[in-house]
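# Structure at a glance
Listed below, chain by chain, are the residues.
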Amino acid sequence: MGHESELYAMTIDDVLRDDVRRFDDPAARRGDATIFHYALPSPMTEAFASLPPGRRILQYHNVTPAEYFAPYDPALFRLASLGRQELASLADAADVALGDSEYNREELRHLGFRRTGVFPIAVDTTRITQAASRPALDEILDDGLVNFLFVGRIAPNKKIEDHIRLAEVYKRYIDAYYRFIFVGRFDVVPRYYSTIRALMAEYRFLNDRFVFTGPIPDEELAVYYRHAAVYVSLSEHEGFCVPLIEAMAADVPVLAYAAAAVPDTLGGAGVQFAPKDLELAAELLGTLAFDDEVRAQVIAGQRRRLADFGDARLIRDLSALLHTLS
């Protein structure tokens, strides 16, 4: 857009050393506008609050409610609790506070931020739609089982235990040839992951029907999306949920529990349901997997919704935001 911009962060991955600067670099205080992406408590909060008024933009990505971590990890419970307290402390420091969904914007308003708006996450869908070549993985995923995909960390708010319960209902009433795939880190909340494994053992599931990949490169992620029959989200708390955008970009029908920001991100797209009736969800899952006419209708709706997150909208909204600060 013709503006000079720099990225600043507290911690920087080695591969980004040439692209990102330390947040305490003196140049970080000299911009005409500063956009602070908030997700966790850190010294960057105080640094942002100390900037001159009139050019401080807060972009809020949500903090998972602490109660989800209480049974599993006291440290994460404390971190999440502090995260919301620290966010509230910025109510008088941000000149504009943006949520990446209406759900997040409403939380900002409730916390006392006076000037709020919505600015969605810019999702690079090309990493999902790329034609990655992974012949061995293709062969594994194309073995006759129906693949149901979830992407994200294995954390309590994601309600992975409900995926396991859904699998039991699906196997009993719909189809026995299935595979649930979970792409993402499973070491974030170890005790929670252990409860998931214990539930699988209780149901006496075959381990090969449940795949936990851990973190994987983009090329492999594209392959998992390509072989997915349905993307499943049973999460009870999302601030935006990037994988919903990725699934739509990959033309994978979405089945989602309509909670938190999920309805904001999907709009009217995908298949959303509430309350959380797993028997209904299993029936919907079977329909999306096997009814070609319904699949086509759902995918067409998702393509229309995906257009709302294109570059043209982001550039228009960002231009309007910068204009209000000038």
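Structure: see above.
Bear in mind that the values here come from a model prediction, so they are computed numbers and not experimental data. (Residues numbered from 1 in each chain as written. Predicted model: local features only at pLDDT ≥ 70, side-chain atom pairs only at ≥ 80, totals over all residues. Heavy atoms only, no water.)

### Section: the pairing of strand β10 (residues 230-233)
Of the two faces of β10, the one holding V230 and V232 and the one holding Y231 and S233 are both buried throughout. Bridge count for strand β7 (residues 146-151) against β10 is 2 bridges, and the pairing is parallel. Within β10, the position partnered with L149 by the bridge is Y231. Note: β10 against strand β11 (residues 254-257), 3 bridges, orientation parallel. Residue pairing in the sheet places V232 in a bridge with L255 of β11. Taken together, β10, helix α9 (residues 242-249) and β11 form a β-α-β motif whose crossover is right-handed. (Buried < 20%, exposed > 50% of the residue type's maximum accessible area, 1.4 Å probe, protein only. Helix = DSSP H or I, 4+ residues; strand = E, 2+ residues; numbered from the N terminus. Pairing = 2+ DSSP bridges. Right-handed = clockwise from strand over helix to strand, strands pointing away.)

### Here we look at the sheet that holds strand β4 (residues 56-60)
Read across the open sheet, the 4 strands follow the order β3-β4-β5-β6; overall the sheet is parallel. Sheet topology places β3 (34-38) and β6 (116-118) at the edges, where each strand pairs with a single neighbour. On average, adjacent strands in this sheet sit at an angle of 25 degrees to one another, irrespective of strand direction. Of the strands in this sheet, β3 and β4 are in contact with helix α2 (residues 74-88), which crosses β3 at around 150 degrees. (Axes fitted to C-alpha atoms, helices over the stretch in contact; angles between N-to-C directions. Contact = heavy atoms within 4.5 Å.)

### Description of helix α7 (residues 190-203)
Look at α7: 20 Å from first C-alpha to last across 14 residues, which is about the 20 Å you get at 1.5 Å a residue. As for α7, its buried residues are in contact with α6 (160-173) and β9 (210-214). Backbone geometry just downstream of α7 places R204 in the positive-phi region, at approximately 60 degrees. (Expected span 1.5 Å × (residues − 1).)

### Brief notes about the packing of α6 against helix α11 (residues 278-290)
Relative placement of two packed helices is described by the angle separating their axes and the distance separating the axes. Running from amino to carboxyl end, α6 crosses α11 at an angle of 70 degrees, the nearest separation of the two axes being 9 Å. Accordingly, the angle class assigned to the pair α6 and α11 is roughly perpendicular. Facing D162, R165, L166, V169 and Y170 of α6, the residues of α11 in contact are L278, E279, A281, A282, L285, G286 and F290. (Parallel < 35°, antiparallel > 145°, perpendicular 65-115°, else oblique.)

### Points about the nonpolar core
Counting residues in each nonpolar core, the largest one holds 87 residues, and the members touching the most others are L58, F148, F210 and Y231. Other than its neighbours up to four places away in sequence, Y231 contacts L149, F150, V151, Y225, P243, L244, A247, V252, P253, V254 and L255. If you look at the next biggest cluster of nonpolar residues, it comprises 7 residues, including I57, F119, L314 and L321. (Core = buried A, V, L, I, M, F, W, Y, C linked by side-chain atoms within 4.5 Å.)

### As for a nonpolar patch on the surface
Where nonpolar side chains cluster on the molecular surface, the patch consists of Y173, I174 and F290 and spans about 320 Å² of accessible area. Note that F290 resides in helix α11. (Patch = residues over 30% accessible without salt bridge, like charges linked within 9 Å, V, L, I, M, F, W, Y side chains within 5 Å. Areas by Shrake-Rupley, 256 points an atom, 1.4 Å probe, with all protein chains shown as cover. Salt bridge = Lys/Arg side-chain N within 4 Å of Asp/Glu carboxyl O.)

### Describing unusual backbone geometry
In this structure, P275 follows A274 across a cis peptide bond, with omega equal to 5 degrees. Checked against the element boundaries, P275 lands in the loop between β12 (271-273) and α11. Within the chain, N62 stands out as a residue other than glycine whose phi angle is a positive 80 degrees. Note on placement: N62 falls in the loop between β4 and α2. N62 gets classed as buried once you look at its relative accessible area, which sits at 7%.

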